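A look at the structure
As a plain string of letters, each chain reads:
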Amino acid sequence: MLGSRIHRQDHIIHDIRQGIADPLDLRQLLLSLITSLSKVLHLENICFHLYSNDSEEFELKESIRLSKTPISIDRDSALVHYFESKRDLIVRDQIRKGLITLEKKPSSKKANIALLKHLNDDLEGLQAEIAIPIMVDNRVIGILATGNLHSGRKITPHDLGFIRQFVAEFTPMIQSAITFQELANKEKETNALYEVGKAISSLHDFKKIFDVIARNSSILLKAPKILVILYDDFDANFAIKKSFGFTDFQLDTIQKSVRFKECTQSLSNVLEGILIKSPSENKVYEETILLDLGINSVLSAPLFDENMTLVGELRAMRPVNQKAFAARDLGIAMNLANNIILAINNSSRHQKSEEDYIELNMTYTITKALRSEFALDRILHKICHIFTHDLNFRRVILYFYENNNTLIPAIASGWPDDLYKSLSLDINRTIEGKVLIEGRFLQVGPKQLEGFDPTASQLLGLHHFVVLPLLLVNKKPLGVLVVDLGDEPASADNFKPRLLTQIAHQAAVIIENARLYSESELLNDQLRKEQSRTAKELQMAHYIQQGLLSAKYPDHKEIQIYATNIPCRAVGGDFYNFIAFNDDMLGVVVGDVSGKGIPAALLMTMTNSIFKEFGKRFSSPEQILQHTNESLQSFLSRSPLFYVTAFYGMINFQTNMLKYGKAGHNPPILYQAKKDECLMLDAEGTYLGTFDDCGLIEKAIPIENGDKLVLYTDGITEVRNKKKQLFGKERLASFIKTNPTLPAEKLTKFLISEIERWGDNKEFTDDITLVIIDFKDLKPLKEITQYKIDEKIESSLKGIKKCVSGLLNKLEALEINKRVYNHIRLALSEALMNGMEHGNKGDASKSILVSGVITNRRIEVSVKDEGLGFDVSLLKMKENQVDINHRGRGITAINACMDEVRYNEAGTTLTLVKYLEP
Amino acid sequence: MKKVSQEKKGDIIVVTIEGDIEFDDSIQLNELFSTIIKDGHPKIVLDLKICNYIDSSGIGALVEGLKSTQKANGDLRLCNLNDDFQEILMMTRIIKYFQIFNSLEDAVKSF
């Protein structure tokens, strides 16, 4: 029944997907999703609220059957916080019920009630009975809000399941469409700026220009109120030259306000403009006036002339009901300011006297010629052409300023390309750089060149020349123009410095506009192609990976499994898998590959399938890991960039034994119900993919009903709290120990929320994987004692030899397998020799007590000497040392051979355990 | 150790050990290596065809032998290791210090 239902859901979702004509068209996508959802579930209303970076709110994008405009919520709302911690939908009815219960109980915490109230308010604002988060990488990018079922039928868990699946399926598509739309908007904006620039440079009438500016500013800045303020020479004061969205009375109030003059004046020190987000934070404008006008946010871009004197201001305002301006808006305003200056220059020139007419006309012609070009390289060519043909200079070269403080030639006329192309001028050492830094044109002769690097002028054969800075209004350096004057110094009358400066200034603005345009054009074009391709690919990768990971849990009645994987990007590097060796033996692997994102995902997918291959062929985790290592090595060519850590466990349901091997992975935790203890499953072995020999040694541990196996990746233990403390495996172990009866799924969810709390509910920075296996219905196995050891032996080589050979004979008689036999032999003789040499200090009059038991399940031997005991911690340390001393090897050997090695507190008794499988 | 024999092949001494190396065998092994080195033959191949087991004191002797042959510009190389023997060398993390060959011939030729 359930199966068929799920199948039908998949079918419906498949159909919906097929019905989407253009998945990159956000509006179309959302509308078709809404229509589909409404067809399937008959909901009262359905709306998509998507997060907007502009307004920093979740904005209503598309909706149906909505009675009134919903109230937007922001990132800091209770609902978004809820989504980010629970990652699940919310049903308002349950919140209401919870609220009633809590309010009845006097013991309820006020904070809890407040939280529920906030949630309820948020949902009410959205007019939502059900709200579903649209999440990407743990971040809420949108909210799907719906009302109740139209029919009055109650919403069933099945309905909720469908909605969950629906949102999960279409999230990547929505994300792609949003990104695409953002790109499209960006392109539109750049185009509009370009158009403004173009329009302005062709107009010569002040009134018309300001009209264009005010109107376009209002559109581009999404601000209904615009002021263009200019310094009036006649009044010797700043005055409003053009306004948009104000009544005459309001304008009058502003102009007459006490601080009106200072407001603009204060910009003279703020090259980058002023951005005020709320009336109270502002120190510039009169708060009362802003409040009277109903203004919330103000943006001011200064207007400077060529001499960097403040000549005016472009001021945009947004009213209270609109979101405050963002830094991006200020950028747009600054560009508009550039264009205004250009326009002012143009028109003021028109007002000049007759004698300037020719010059003026020339500027006009030149500007017109320049603005007729779109492409940057065409504009550069035209600039050269103007200087060499229209202005009759011999040669000209244009340098662009690069971020590393050099000037690089962009174009030249009069020199062969290969002569100048390789030039690179240090702005601190050349005359050209000096001009750029000082922002003033300079006529250069041999005298001026003294003290500067003459390489460029020598190479180019320049004797007398003019250097013109290309600067934007906010003094952003663009480059310099060098004009050759020939062999003799020229008089100012000849080369008309004012005209050249003006042309240079216009050229700078036009180049910048063209650059902006071409950059965005190129970028957008590329991005558009890449975006739609990678979005699709990423989406597919995500599906494939989640498909790999959400593969069906193996069907074993003895155990209950719950596995979670939260990739920190769309695709991640963690993996887990369940691989059946046969009906009685189940392999479980958890691993983490180096890196993140797509490369990690590829490596993970490959590793996972290698494990699957060897996991079916071998029953020994050590062998599986070793073979995987060899395979990975051949694929990864031992690059240190790619490696894999993994834990492989093989559960044997016939013998209730877990064999495991570990390759550089975090030690999983086995909660042992009988002892009420957590055991870290540590085993020797380093990460896979790099070394021939990973030094893998597999171990075994019996499992019993009530035990829990917790496998994880370091994404969990390496979450840090505010004090930068790690969550850590000890905290993980104690968390499991305090919740030993919680079933796997509940424990997982509880643990994840605990870790989120630890990490202050921030996005996880690494992939998180958690696999919990509850052993609940293992068949009972009897442990039968076959042999008991209880000997007191002489502390000498002779005594030891006798004891060891006695035990070995017994093992042979019990037909213990050869490998185990060798392990016991090595570990036991090492333990006895240790006792003799270190414990009893070679004193043959002392003795060693050997006791233990051999059963069908294990061999356990304790060795007790009569020494003072050793420092256990010292011994532990020694294991890890890579010293070549043979006694150190003894300890290494014992640890490697035995499944468990225990010391008593005093350090006089060493207990060795080896688990047996029949 | 049941039997230890040696044979000269060019300037290389081949030592064949039969039986397990354990307990006080290491003393005998230490002496053997230092005598051979003293005689001016620091290039030794250890043939372990008939050896199944070595304990940590035996390993100590091998490492000692390796160090002193290398000090005398020679080497101690192993051949014909059986699985059990090799596993012990692996578990004790000692295997990486030795050059190991599948046959006596390969080992002798390797010098």
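One structure accompanies this document, and this report is about it. (Residues numbered from 1 in each chain as written. Chains lettered and ligands numbered in written order. Predicted model: local features only at pLDDT ≥ 70, side-chain atom pairs only at ≥ 80, totals over all residues. Heavy atoms only, no water.)

Some details on the pairing of strand S2 (residues 12-18) of chain B
Residues and elements named next belong to chain B. Note the cut-off: Relative accessibility decides the category of a residue: with a 1.4 Å probe and only protein chains considered, values under 20% of the type maximum give buried, values over 50% give exposed, and everything between is partly exposed. For the purposes of this entry, the term helix denotes a DSSP run of H or I that reaches at least four residues, the term strand denotes a run of E that reaches at least two, and both are numbered from the N terminus. At least two bridges found by DSSP between two strands is the condition for calling them paired. Crossovers are described as right-handed under a simple rule: with the strands pointing away from the observer, the path leading from the first strand over the helix to the second runs clockwise.
In terms of burial, S2 is largely enclosed, as 6 of its 7 residues are buried. Here strand S1 (residues 3-9) pairs with S2 via 7 bridges, running antiparallel. The residue bridging Val 4 from the neighbouring strand is Ile 17, located in S2. Where S1 hands over to S2, the hairpin turn is made up of 2 residues, of which Gly 10 adopts a positive phi near 65°. As paired elements, S2 and strand S3 (residues 43-50) share 5 bridges and run parallel to each other. Opposite Val 15, over in S3, you have Leu 46 as the bridge partner. For the handedness criterion, the β-α-β arrangement of S2, helix H1 (residues 25-38) and S3 is classed as right-handed.

Comments concerning the pattern of salt bridges
Residues and elements named next belong to chain A. The condition that has to hold: When a carboxyl oxygen of Asp or Glu is within 4 Å of a side-chain nitrogen of Lys or Arg, the pair counts as a salt bridge.
Following the criterion strictly, the structure yields 36 salt bridges over all chains and no others. Here Arg 858 ties to Glu 783 by a salt bridge, and the two come within 2.6 Å at their closest N and O atoms. Placement of the pair is Arg 858 in strand S30 (residues 858-864) and Glu 783 in the loop between strand S27 (768-775) and strand S28 (785-794), with a sequence separation of 75 residues. Residue classification places Arg 858 among the partly exposed positions, given a relative accessible area of 22%.

What about the environment of Asp583(A)?
With respect to the helices and strands, the residue Asp583(A) is situated in the loop between strand S19 (574-580) and strand S20 (585-593). Between the C-alpha atom of Asp583(A) and that of Asp555(A), which follows or precedes it by 28 residues, the distance is 9.8 Å.

Points about the sheet that holds strand S5 (residues 130-136) of chain A
Within a sheet, each strand pairs with its neighbour through backbone hydrogen bonds, oriented either parallel or antiparallel. Residues and elements named next belong to chain A. Taken together, the 6 strands give an open sheet; going across it, the order is S3-S2-S1-S6-S5-S4, and neighbouring strands pair in antiparallel fashion. If you trace the sheet from one side to the other, it starts and ends with strand S3 (73-74) and strand S4 (90-91), each paired once. Looking at chain direction, S4 and S5 are connected through 2 bridges and run antiparallel. Bridged to Val 91 within S5 is Ile 130.

Looking at the interface of chain A and chain B
Let me state the cut-off plainly: Contacts are assigned to residue pairs that have any heavy atoms within 4.5 Å of one another. Identification of polar contacts relies on pairs of N or O atoms within 3.5 Å, with a donor-acceptor requirement for protein atoms, meaning one able to donate a hydrogen and the other able to accept it, and with residues adjacent in sequence counted only if both atoms are side-chain atoms. Just so you know the grouping, Ala, Val, Leu, Ile, Met, Phe, Trp, Tyr, Cys and Pro go in nonpolar, Asp, Glu, Lys and Arg go in charged, and all remaining residues, Gly too, go in polar.
On the side of chain B, 23 residues touch chain A, which itself brings 27 residues to the contact. Where chain A packs against chain B, one counts 4 salt bridges. The tally of links from chain A across to chain B stands at 10 residue pairs in polar contact (both at pLDDT 80 or more). Broken down by class, the residue content of the side of chain A that touches chain B amounts to 11 nonpolar, 7 polar and 9 charged.

Some details on the packing of helix H25 (residues 797-813) of chain A against helix H26 (residues 818-839) of chain A
What describes two packed helices is the angle between their axes and the distance between those same axes. Residue and element names in this part refer to chain A. To keep it simple, the criterion reads: To obtain each axis, a line is fitted to C-alpha atoms, and for helices this fit is confined to the stretch in contact; angles are then taken between N-to-C directions over 0 to 180 degrees. Relative orientations are named as follows: roughly parallel for angles under 35 degrees, roughly antiparallel for angles over 145 degrees, roughly perpendicular for angles from 65 to 115 degrees, and oblique for any other angle. For a crossing to be left-handed, the near helix must be turned anticlockwise from the far one by less than a right angle; the clockwise case is right-handed.
Two elements in contact, H25 and H26, have axes separated by 10 Å at closest approach and are oriented at 160°. Relative to H26, the element H25 is oriented roughly antiparallel. Seen from above, H25 lies across H26 with right-handed handedness. Residue-level contacts link Leu 797, Ile 800, Cys 803, Val 804, Leu 807, Leu 808, Leu 811 and Glu 812 of H25 to Tyr 821, Ile 824, Arg 825, Leu 828, Ser 829, Leu 832, Met 833 and Met 836 of H26. Here the residues of the contact of H25 with H26 sort into 13 nonpolar, 1 polar and 2 charged.

Looking at the side chain of Asp122(A)
Residues and elements named next belong to chain A. Note the cut-off: We count Lys and Arg on the positive side and Asp and Glu on the negative side, and we leave His and both chain ends out.
Looking at where Asp 122 falls in the secondary structure, it is placed in helix H5 (residues 110-125). Buried within the structure, Asp 122 lacks any salt-bridge partner; its nearest side chain of opposite charge belongs to Arg 92, at an N-O separation of 10 Å. For Asp 122, the side chain forms a polar contact with the main-chain nitrogen of Ala 78, separated by 3.2 Å. What Asp 122 contacts, discounting residues up to four positions off in sequence, is Ile 73, Ser 77, Ala 78 and Leu 79.

Overview of the nonpolar core
Here is the rule we go by: Definition used in this section: a nonpolar core is a set of buried Ala, Val, Leu, Ile, Met, Phe, Trp, Tyr and Cys residues joined via side-chain atoms within 4.5 Å.
Residues Leu832(A), Leu46(B), Leu48(B) and Leu89(B) are the most contacted members of the largest nonpolar core, which totals 67 residues. Of all the elements, H26(A) adds the most residues to this core, at 10 residues. Residues in contact with Leu46(B), not counting those within four places in the same chain, are Val15(B), Ile17(B), Phe33(B), Leu62(B), Leu76(B), Arg77(B), Leu78(B) and Cys79(B). In terms of nonpolar packing, the next biggest core, distinct from the first, is built from 53 residues, Leu549(A), Ala563(A), Met585(A) and Leu709(A) among them.

Some remarks on helix H13 (residues 376-390) of chain A
All names here are of chain A. Stated formally: The length a helix should cover is 1.5 Å for every residue beyond the first.
The terminal C-alpha atoms of H13 lie 20 Å apart, and with 15 residues this matches the ideal 21 Å at 1.5 Å per residue to within 8%. Turning to H13, its buried residues are Leu 376, Ile 379, Leu 380, Ile 383, Cys 384, Ile 386, Phe 387 and Thr 388. Of the residues flanking the end of H13, it is Asn 392, one or two places downstream, whose phi is positive at about 60°.

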